[in-house]
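Remarks on the overall topology
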Amino acid sequence: MQSKLKISTQFLVVFMLGISISIMFMVPIFSSSDVFTLPKSFNQFNTIFLSILIEAIPFVLIGVLIAGFIQIFITEDHIRAFIPKNKILAVFMGCFVGSLFPACECGIVPIVRRLIEKGVPLYAGIGFLLTGPLINPIVILSTYMAFGNDLEMALYRMGVGFVAAVAIALVVSFLYKSNQLKRMNKNQNAFLKEGKRQLIGTRVSEMFKHSIDEFFDMSKYLILGAFVAALLQTYVSMQFLFLFGDGLIHSTIVMMALAYFLSLCSEADAFIGASFKNIFPSTSILAFLVYGPMIDLKNTIMLLSVFKAKFVFVLFMLITSIVFTFVYLTSFL
Amino acid sequence: MQLNTQHLLKAVLIGLFTLFFANLHLTGDIAKYINPKYDFMSKLAVGIFFILFMIQLPRIFQGKRTHHVCSVHCSHSHDHGHGHWNFAKIIGFAIVAFPLITGFTIPPATLDSSIAANKGSILSQISSGQKEEKSFEESLMENSESLTEKENIDIYSSDHIPLVNNNYLTEGELKEKERWLQDSEIIDMSEDIFISYYSRINENPEAFAGRTIKLSGFVFKEGEFAVNQLVLSRFFITHCVADASVIGFLTEFEGADQLQQDSWLEIEGVLAVGNYDGYELPIVKVTSWDVINEPNEPYIFPIQTLVQ
C-alpha cells in the first residue's frame, strides 16, 4: 500500500514535468491560433496577477537570501548580545533597525521568521516587521515626490508610522510570552556547535540551499495573495468603497480598506495615495500610507504561513485599531 | 544514486522561473507588466534564480538517506525535501507552477475599460468628491511653488513626477517641451511628455482654453455621458500594472456613440473648459479623429529628467 502510493506520486511528478515541458513547446502554437480562447477578463486578471509577482519576486528573492544568511551565519549568541534585555528598549531597537532596513512587506516576512527562530523576542521582531517596509529611503523619497515635493506628508508618514509601530510592538510584548511561530526550531544549539566546524564554502552553499527551500515555502503564499488581489482588481469595482458616505472616519476606513485589498508595494503606494487627494482629506490618505506597508492582503497570507492564525488575527486587529487611532489624532494637530 | 523527485521538481521550477524572467527581457514584454524602471530588479532576479538553479542541480541526486550537512541541526520550519510526498506538497508545487503555466501560455494583455471601470475614472472620482478639498490641493501647489523659488528646482521636472524611469528626458529637452506647451500651435500629447502636460492642463483648464490639442487613447465610457461624449483614456503606471490609474480627457464629438469601448483613437481638437457635476475640467471639442491600432507603448510612465 505504502509503495503503491509512492509510485503513484512519482508518476504524478513525472506527469507534471511532462506538462510543463510540453507547455514550453506549445506556446507558439497557442499564441498563434484561436483554439485557446479564454474570456478577455481572464487575460486582464492574468496580466495584473503576473505583474504583482514580477514586481514582488525580486524582493522576495533578496529576502530569502538574507534569511538564508541569518540561518547559517548569525548565531543565537550574536543576537543575545545585540538585543537589549529590557522589553521597551528591545521594541525601540526592533523598530529602529527596521527603519534603517530597506525591505518590502513581502520580502521581510522570511527575514522576521528567521530572526525570531534565532531568539529575537517576538515584540522586537514585530517592530522590525512593521517599520521595515514603511520607513526607508526609497519610500520616503517616493512619498515626497508623489505629494508634489511636499515634505509634510512624508514626515507625517514616517513619524506616525514609527510611533504606531512602537505602540503595536509594545502591546504585543505585554500580550505574548512565547514566540507564536507555527513550528519551532528545537535543535538550534546543535547547529551552533556544528556550524563553527564547517568550512566557509560549505556554509555559503548551505545558505543558498536554505534560501531555495525558503523561496518555495514563501512564494506559495505570495502567489495566493497576488491571486486574490488580482481577482479583486479585475472583478470588483472599487466604487463600492465610496458608498459608505462622507466624513473623516468613513473616508479613513475606506482608504485603509483600499490599502489592504490593493496590496501595493510600499514603494509605489504613495502615488496611488496622492491620486486621492482631490477626493479625500489628507488624514485619510495618511492612514492609507501608514497602514498599507504594515499589513495588507498578500502579506497577511504570508504571515499566516509563519505565525499561528490566532496571533495573526490579533496582530491584524492591533495594527488596524492603533493606526486608525493615531492617524485620527493627527487631524486635531 | 537516487533521484529525489522533490528536488528535481524544485530545480525544474527554478529553471522555468529563470527562463520566464529572462524571456520577459528578451521579448520586451516586461513593459507590459511593470514600469521599465524596475528593469534592474527583475534582471537581478534572473541572476539570482540562475545561481539558485546551479545550487539546486546536485541536490536532485541527493538520496533521501545521504543528508546534507545541515539536516542534523536545523530542524525545520521549512521543507528540505527529504519527506515523502503528501497532498499538501503537491498543492504547494501546483501553486508555484501556476503563474509559470499562465505566464508562458497566455500573452500579456493591455488593460482595458473593464479595469478602468473598476478603478473609477477621474470623472467619477470628481463627482463623488468634495469640493472643499480643492483648498488642500491649492495649498500643496503653493508649497511646491514656493519650494521651486527657494531651491530653484525645475518644477516641471519634479512636480507630480516621480523618481527614476526609463522615460528619460534631459532637462533641456523638458524645458523645450514645456515651451511648446505654452507656445506651440498644437499641443502634442506624446507618450514621453503626456503626464506632465496632462497635469498642467488639469490644474488650470482656463489657461489652455482655445488651444489645439492632439492625443491618442482608448475609448472609455461610463456613467451618464451625453451621446456625443466619451473619455479618451490612458493608464498611468507608476510601478506595475496593478497600480495603474486612469487618466484621460473628456471629449465631445459627433459619432462618439458609435465607437466601441477600448477602441484606440487619435484625435485633434480644441480645448475648452467644461463642467462635470459642478466641477470645472478641460474638455476637448474634437475636430478630427481616426481609429488607430493600439500603440506599442499603451501605458504612460512617469518622467525622469537627466540632470547634468
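Quick notes on the rules
- Residues numbered from 1 in each chain as written.
- Chains lettered and ligands numbered in written order.
- Predicted model: local features only at pLDDT ≥ 70, side-chain atom pairs only at ≥ 80, totals over all residues.
- Heavy atoms only, no water.
- Helix = DSSP H or I, 4+ residues; strand = E, 2+ residues; numbered from the N terminus.
- Buried < 20%, exposed > 50% of the residue type's maximum accessible area, 1.4 Å probe, protein only.
- Areas by Shrake-Rupley, 256 points an atom, 1.4 Å probe, with all protein chains shown as cover.
- Axes fitted to C-alpha atoms, helices over the stretch in contact; angles between N-to-C directions.
- Parallel < 35°, antiparallel > 145°, perpendicular 65-115°, else oblique.
- Left-handed = near helix turned anticlockwise from the far one by under 90°.
- Contact = heavy atoms within 4.5 Å.
- Nonpolar A, V, L, I, M, F, W, Y, C, P; charged D, E, K, R; others polar.
- Salt bridge = Lys/Arg side-chain N within 4 Å of Asp/Glu carboxyl O.
- Phe/Tyr/Trp six-rings, centres within 6.5 Å; stacked < 30°, edge-to-face > 60°.
- UniProt positions renumbered as here; feature names shortened; annotations may be inferred.
- Patch = residues over 30% accessible without salt bridge, like charges linked within 9 Å, V, L, I, M, F, W, Y side chains within 5 Å.
- Pairing = 2+ DSSP bridges.

Turning our eyes to something else, we now look at the overall build of chain A. Helices and strands together make up the secondary structure of chain A, namely 15 helices and zero strands. Expressed as a percentage of the 333 residues in chain A, the buried residues total 58%. Summing over all exposed atoms, chain A offers an accessible surface of approximately 13300 Å²; the carbon and sulfur share of this is 73%.

Residues and elements named next belong to chain B. The geometry of helix α8 (residues 171-183) relative to helix α9 (residues 194-203) is characterised by a closest axis approach of 11 Å and an angle of 40° between their N-to-C directions. By the criterion of interaxial angle, the relationship of α8 to α9 is oblique. Like other packed secondary-structure pairs, α8 and α9 cross with a definite hand, here right-handed. Residues Lys177, Glu178, Trp180 and Leu181 of α8 lie in contact with α9, whose contacting residues are Ser196, Tyr197 and Arg200. Across the contact of α8 with α9, the residue classes break down as three nonpolar, one polar and three charged.

Next up on the list: the pattern of salt bridges. Where side chains of opposite charge bring their charged atoms close, a pairing between them can arise. Residues and elements named next belong to chain B. The final tally for this structure, using the stated rule, is 12 salt bridges over all chains. With its nearest N and O atoms 2.8 Å apart, the salt bridge here joins Arg234 to Glu191. You can see Arg234 sitting in strand β4 (residues 229-236) and its partner Glu191 sitting in the loop between β2 (186-188) and α9, a full 43 residues away along the chain. Relative accessible area serves as the criterion here: at 1%, Arg234 is assigned to the buried category.

Let us look at α9(B). Of all 10 residues making up α9(B), eight are buried, and the element is well covered by its neighbours. Listed as buried for α9(B) are B:Phe194, B:Ile195, B:Ser196, B:Tyr197, B:Tyr198, B:Ser199, B:Arg200 and B:Ile201.

What follows concerns the packing of aromatic side chains. Two aromatic rings are characterised by how far apart their centres lie and by the angle between their planes. Under the definition given, this model contains 26 aromatic pairs over all chains. Ring centres 5.9 Å apart and planes at 5° place the aromatic pair A:Phe324 and A:Tyr328 in the stacked group. On the criterion of helical spacing, the pair formed by A:Phe324 and A:Tyr328 is a turn pair, its members being four residues apart in helix α15 (residues 309-330). A ring pair is formed by B:Phe218 and B:Phe235, whose centres lie 5.5 Å apart and whose planes are at 20°; its orientation type is stacked. Placement of B:Phe218 in strand β3 (residues 212-220) and of B:Phe235 in strand β4 is noted, with a sequence separation of 17 residues between them.

A word on the UniProt feature "transmembrane region" (unreviewed entry) in chain B. The sites that UniProt annotates as "transmembrane region" (unreviewed entry) are residues 7-28, 40-57 and 87-106 of chain B. What you have in residues 40-57 of chain B is 94% helix and 0% strand, and the ends, taken at the C-alpha atoms, are 26 Å apart.

Residue and element names in this part refer to chain B. On the surface, Phe50, Met54 and Leu57 cluster together to form a nonpolar patch covering roughly 270 Å² of accessible area. By the element assignment, Phe50 lies in helix α2 (residues 39-56). A relative accessible area of 44% means that Phe50 is categorised as partly exposed.

In this structure, A:Gln180 is a non-glycine residue whose phi angle is positive, near 65°. Summarising the element assignment, A:Gln180 is placed in the loop between α8 (151-175) and α9 (188-195). Note on A:Gln180: relative accessible area 9%, which makes it buried. Phi at B:Asp262 takes a positive value of approximately 75°, unusual for a residue other than glycine.

All right, on to the pairing of β4(B) then. Residue and element names in this part refer to chain B. Buried residues dominate β4, accounting for eight of its eight residues. Neither face of β4 is open: one carries Gln229, Val231, Ser233 and Phe235, the other Leu230, Leu232, Arg234 and Phe236, and all of them are buried. Bridge analysis of β3 against β4 gives three bridges, and the strand direction is antiparallel. In the strand pairing of β4, Val219 is matched with Leu232. Bridging between β4 and strand β5 (residues 245-252) involves eight bridges; their strand directions are antiparallel. Each bridged residue has a counterpart across the sheet, and for Phe236 the counterpart in β5 is Ser245. Where β4 meets strand β8 (residues 299-300), two bridges bridge the pair, whose relative direction is parallel. Its bridge partner lying in β8, Phe235 is registered against Tyr299.

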